[in-house]
Amino acid sequence: MGYPKISINLDKLEENVKKIIDKLQRNNLNVMGITKAFACEKEIVQLFKNNGINMVGDSRILNLKKIEDFDIEKVLIRIPMISSVEDVVKYSTISLNSELKTIEALNEAGKKQNKIHGIILMVELGDLREGFLPEELEEVALKISKLDYIKIRGIGTNFSCIGGIIPDINKINQLTQLTETIEKKLNMKMEIVSGGNSSSYHLIGEVPLKRINNIRMGEGILLGRETAFGENIEGCHEDSFILQGEIVEIKNKKTVPYGKKGMDAFGKKPEFKDRGIRKRAILAIGKQDFDCDSLYPLDKGAEIIGASSDHLVVDISDSDKEYEIGDIMEFQMGYGALLRGMTSIYIDKEFKKKKAK
Ligand SMILES: *Cc1c(COP(=O)(O)O)cnc(C)c1O
């Protein structure tokens, strides 16, 4: 297809997986490899599996369908829609849940398909996205334990999503306490205690994680960054995924738009600083393709000016490179760009791997 393209370096990605798995294992933690940011591309799931990840999570059934034939634990990590319980039971082995009514519907679907569906009870601990309230958990868990086609596989919580609340020792204690209360009440042992996402990474090896034995990791593995503070994970690559776009125009232009001022293409009124005449490149990539807000040029002399639906404008005046029409510029991506880019039909994907070692 050509450009724009996301080039995926599977060797770098594999090194990230190895580094992270190693640290988790040394701390008695399992990882749930989160696949939504790459739309569950089989190549990467296979790489996960080859390196010892035996549980993957995605927010969309459509993505999990792609790995229907994979012998791996498949977790639906978005609270299931009650209208989709049949597919949830069919394509995932476990789902994260916070509504009794939906869990009862999953039970019915399980009965029809003669399949026991696992659930992880999500509990709200401050980030204010999904989760049962701690005070309702005991009663609800008791009801769920009576359903024939549902098995409680674990308990979990979410951080750093809507509320930007990062996990700490208090939250760990709370989750541990809740786990033990439910275990006592139901006379069972929780198999999975899932203590958050890449934003929990900085705690590993630093504080006792008590009963937490599972971390859900997407961004950490893919972009080599923990997400509580946005710092690089030591020894991990941040450039396993590179966006490549093609230059379609290069001209010296003014830096401040001229003429009568109204709104831009997205209803905003942008302000520009006058920097005189600057050399600008236009790339054939824009907001219809993906999220241009978290893009970082590899060429340190290049600076992104803005994007419309189909065009990305980059100031290249300070670059050491002499760009020409048809040249390719490369960018590192933030999570938003990666998520949108990997799922975009307008962006080609290329998997790169050195020959078998
Ligand atoms: C997306 C998601 C994750 C992964 O978060 P990262 O920051 O990419 O590690 C974990 N859990 C749930 C429920 C998610 O939706």
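Residues numbered from 1 in each chain as written. Predicted model: local features only at pLDDT ≥ 70, side-chain atom pairs only at ≥ 80, totals over all residues. Heavy atoms only, no water.

## Focus: the domain arrangement of the protein chain
What the domain assignment reports for the protein chain is domain 1 (10-222) and domain 2 (241-352). Domain 1 and domain 2 are separated by 37 Å when their C-alpha centres are compared. With 12 residues of domain 1 in contact, the opposing surface of domain 2 contributes nine residues. Summing both sides of the interface, domain 1 and domain 2 together bury roughly 1,000 Å²; the carbon and sulfur share of this comes to 71%. For domain 1, the biggest contributors to the area lost against domain 2 are Leu10, Ala37 and Glu219; these three give 41% of the whole. There are zero salt bridges connecting domain 1 and domain 2. The tally of links between domain 1 and domain 2 comes to one residue pair in polar contact (both at pLDDT 80 or more). Within the residue set of the side of domain 1 that touches domain 2, elements represented by two or more residues are α1 (10-26), α2 (42-50) and α8 (219-223). (Domains from an automatic or database assignment. Contact = heavy atoms within 4.5 Å. Buried area = accessible area lost by both parts, 1.4 Å probe. Salt bridge = Lys/Arg side-chain N within 4 Å of Asp/Glu carboxyl O. Polar contact = N/O pair within 3.5 Å; in protein donor to acceptor, adjacent residues only side chain to side chain. Helix = DSSP H or I, 4+ residues; strand = E, 2+ residues; numbered from the N terminus.)

## Brief notes about the nonpolar core
One finds Phe48, Ile144 and Phe241 to be the most contacted residues of the largest nonpolar core, which totals 88 residues. The dominant element in this core, judged by the number of residues it contributes, is α1, at six residues. In this structure, Phe48 is in contact with Val17, Gly33, Ile34, Thr35, Phe38, Ile53, Val56, Ile221 and Leu222, ignoring residues within four places of it in sequence. One finds Met55, Ile94, Ile120 and Ile192 within the second-largest nonpolar core, a separate group that totals 10 residues. (Core = buried A, V, L, I, M, F, W, Y, C linked by side-chain atoms within 4.5 Å. Buried < 20%, exposed > 50% of the residue type's maximum accessible area, 1.4 Å probe, protein only.)

## Comments concerning the site of the ligand
Surrounding the ligand, one finds 14 residues, the nearest of these being Lys36, Ser198, Arg216, Gly218 and Glu219. Contacts to the ligand include Tyr335, whose side-chain N or O atom sits 3.2 Å from an oxygen atom. Here the ligand, which alone exposes 390 Å², has 93% of that area covered by the protein. In the shell around the ligand, the residues fall into five nonpolar, four polar and five charged. (Near = heavy atom within 4 Å. Areas by Shrake-Rupley, 256 points an atom, 1.4 Å probe, with all protein chains shown as cover. Nonpolar A, V, L, I, M, F, W, Y, C, P; charged D, E, K, R; others polar.)

## Things to note about the pattern of salt bridges
Summed over all chains, the structure comprises 23 salt bridges. Here Glu191 makes a salt bridge to Arg153, at a shortest N to O gap of 2.7 Å. In this pair, Glu191 is assigned in the loop between α7 (169-186) and β8 (192-195) and Arg153 in strand β7 (residues 150-157), connecting sequence segments 38 residues apart. According to the relative accessible area criterion, Glu191 is partly exposed, its value standing at 41%. Residue Arg153 is classed as buried on the basis of its relative accessible area, which comes to 13%. The partner of Asp318 in a salt bridge is Arg278, with the nearest N and O atoms 3.0 Å apart. A residue pair is termed long-range when its members are at least 10 positions apart, and Asp318 in the loop between β14 (312-315) and β15 (328-333) and Arg278 in strand β11 (residues 277-283) qualify at 40 residues.

## Focus on α1
Counted at 1.5 Å a residue, the expected span for α1 with its 17 residues is 24 Å, and the 24 Å between its end C-alpha atoms agrees. Looking at α1, one finds that the buried residues are Leu10, Asp11, Leu13, Glu14, Asn16, Val17, Ile20, Ile21 and Leu24. If you check the start of α1, you find a side-chain oxygen 3.0 Å away from the backbone N of Asp11, and it comes from Asn9. (Expected span 1.5 Å × (residues − 1).)

## What about the environment of Val207?
Note that Val207 resides in the loop between β8 and β9 (214-217). Take Val207: its relative accessible area is 24%, and that puts it in the partly exposed class. Note: C-alpha distance between Val207 and Lys354 (147 residues apart in sequence) is 38 Å. Once residues lying within four places of it in the same chain are set aside, the contact partners of Val207 are Ile169 and Ile172.

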